[in-house]
Amino acid sequence: MDLSYTPEEEEFRARLREWLGKVLPTLPAKPSPHDWPGRRAYDLGWQRTLYDAGYADVHWDASPTLRLIFLEETEKAGAPYVGANFVGLLHAGPTIAAEGTPEQKERWLPPILRGDEVWCQGFSEPDAGSDLAALRTRARRDGDDYMVTGSKIWTSHAEVADWCELLVRTDPEAPRHRGITWLALPMDAEGITVRPLRTLAGSTEFAEVFLDEVRVPVANRVGAENDGWRVTMVTLSFERGTAFVGEVVACRRVLGELARAARENGRWDDPGLRRRLGRLNAEFRALWRLTQWNVSEAEAGGGVPGVGGSVFKLRYSHARQELYDTAADVLGPGSLDLDRPWVLDRLSSLSYTIAAGTSQIQRNIVAERILGLPKGR
């Protein structure tokens with residue numbers, strides 16, 4: 001497989017790099033990480049800047065390769081992360097682009113691209129754990145609406161969201177994977193209660209969401225009724241296949257910074273630490289090549305990442321944790337200081353083997369869908 005870039009793709013890279021060099025110095029200061037209304041405004045402002053410059057639709061309308069170049073260059077340049085736009089740009093938006101009706105695409109995609117609306121993700125539930133198909137939030141049909149009752153947990157950006165990509169059970173008698181439906185839930189609907197959750201790192205980007213007979217129009221259903229599991233697999237393929245691309249670039253940058261810090265504080269004299277840094281360098285280089293391969297596969301398959309995203313997600317989650325464990329060794333006692341670089345990143349890295357599907361789930365997917373092994377009993 002040819003993993004090299006075409007002249008047209010390199011021209012896009014050069015043009016983007018030049019634009020970033022001009023616009024990034026003009027951006028306002030980032031708000032406090034605890035100021036979510038301020039962070040929402042900042043993230044939406046950056047998205048509007050991308051939109052006005054013609055780069056906003058790169059996640060959907062551009063080829064997977066151009067998307068990869070965009071994520072690589074923006075991360076290298078230190079551009080703002082998608083932040084509160086994460087779910088809309090990288091999960092819900094691509095899903096609607098792939099599965100939505102023309103009317104749904106016209107309603108929801110332009111506001112995401114312009115930075116007008118924020119989405120959150122309503123998948124996980126308190127009693128379902130890592131078994132997404134065990135969800136219990138119910139939706140019963142009432143004329144042209146669904147009446148939704150239940151609760152969600154770890155709902156990303158719920159406290160500042162306008163919409164939620166919501167999974168509900170519409171047929172409780174159907175087999176677990178066949179009675180699920182994917183809905184777009186307006187977060188200002190009557191009957192919704194949002195309760196922020198504080199993470200180990202002290203942030204509140206997650207929330208519990210309680211739904212009490214919330215009315216959702218049937219027109220907000222993406223895909224057919226009871227076909228939500230298939231639609232969800234499209235969502236998760238984006239979440240596991242391309243959503244972490246920029247983070248691989250960030251980890252490679254952090255690795256270089258760790259090596260410099262180790263030379264400065266004397267930790268570089270430890271041969272064990274040098275071996276760990278060298279192995280991590282090889283690990284992230286391999287992950288970058290795997291990313292390119294997955295993107296090439298997606299390009300050949302119509303733009304939707306395949307199950308190779310699970311291979312990437314599985315290995316990346318553990319590599320990220322190893323990276324920040326190594327950072328703690330470089331910092332020594334400073335690794336307990338929350339104001340030091342990498343300390344909060346180390347705390348957040350603990351969630352990566354759970355977020356976007358646990359490592360156990362990813363191993364099952366790899367075993368069954370790639371290796372062809374039988375399902376366990």
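It should be noted that the structure appears before, not after, this text.
Residues numbered from 1 in each chain as written. Predicted model: local features only at pLDDT ≥ 70, side-chain atom pairs only at ≥ 80, totals over all residues. Heavy atoms only, no water.

## Focus: the overall build of the protein
Across its full length, the protein carries 11 helices and 8 strands. In the protein, which comprises 377 residues, the share counted as buried stands at 52%. Nonlocal contacts in the protein, meaning residues at least 24 apart in sequence, comprise 73% of its contacts between residues at least 6 apart. Approximately 17600 Å² of the protein is accessible, and the part contributed by carbon and sulfur atoms is 52%. (Helix = DSSP H or I, 4+ residues; strand = E, 2+ residues; numbered from the N terminus. Buried < 20%, exposed > 50% of the residue type's maximum accessible area, 1.4 Å probe, protein only. Contact = heavy atoms within 4.5 Å. Areas by Shrake-Rupley, 256 points an atom, 1.4 Å probe, with all protein chains shown as cover.)

## Focus: helix H5 (residues 102–114)
Relative to the 18 Å expected for 13 residues at 1.5 Å per residue, H5 spans 18 Å between its end C-alpha atoms, a close match to the ideal helical length. Where H5 is concerned, the buried positions are Gln104, Trp108, Leu109, Pro111, Ile112 and Leu113. On its buried face, H5 sits against helix H2 (36–53), helix H4 (86–99), strand S1 (119–122), strand S4 (163–169), strand S5 (180–186) and strand S8 (221–222). Gly115 lies just past H5 and shows a positive phi near 80°. (Expected span 1.5 Å × (residues − 1).)

## Details of the pairing of strand S3 (residues 145–152)
The two faces of the sheet receive side chains in turn, since in a regular strand these alternate between them. The buried count for S3 comes to 6 of 8 residues, which makes it a mostly enclosed element. As paired strands, strand S2 (residues 138–142) and S3 are joined by 5 bridges and run antiparallel to one another. Across the sheet, residue Asp142 finds its bridge partner in S3, namely Asp145. Hairpin geometry of S2 and S3 is characterised by an intervening segment of 2 residues between the two adjacent antiparallel strands and by a positive phi of about 65° at Gly143. (Pairing = 2+ DSSP bridges.)

## Some remarks on the packing of H4 against H5
Where H4 contacts H5, the axes come no closer than 10 Å and their chain directions differ by 160°. Taken together, the axes of H4 and H5 lie roughly antiparallel to each other. Between H4 and H5 the crossing geometry is left-handed. Each of Gly88, Leu89, Gly93, Ile96 and Ala97 in H4 lies in contact with H5, whose residues at this interface are Gln104, Lys105, Trp108, Leu109, Ile112 and Leu113. (Axes fitted to C-alpha atoms, helices over the stretch in contact; angles between N-to-C directions. Parallel < 35°, antiparallel > 145°, perpendicular 65-115°, else oblique. Left-handed = near helix turned anticlockwise from the far one by under 90°.)

## Here's the deal with unusual backbone geometry
The backbone phi angle of Trp154 is positive, close to 55°, even though this residue is not glycine. Here Trp154 lies in the loop between S3 and S4. Exposure remark for Trp154: the relative accessible area of 45% places this residue in the partly exposed category. Positive phi, normally seen in glycine, also occurs at Glu213, with a value near 50°. By the element assignment, Glu213 lies in strand S7 (residues 206–217).

Purely geometric numbers; function is a separate question.
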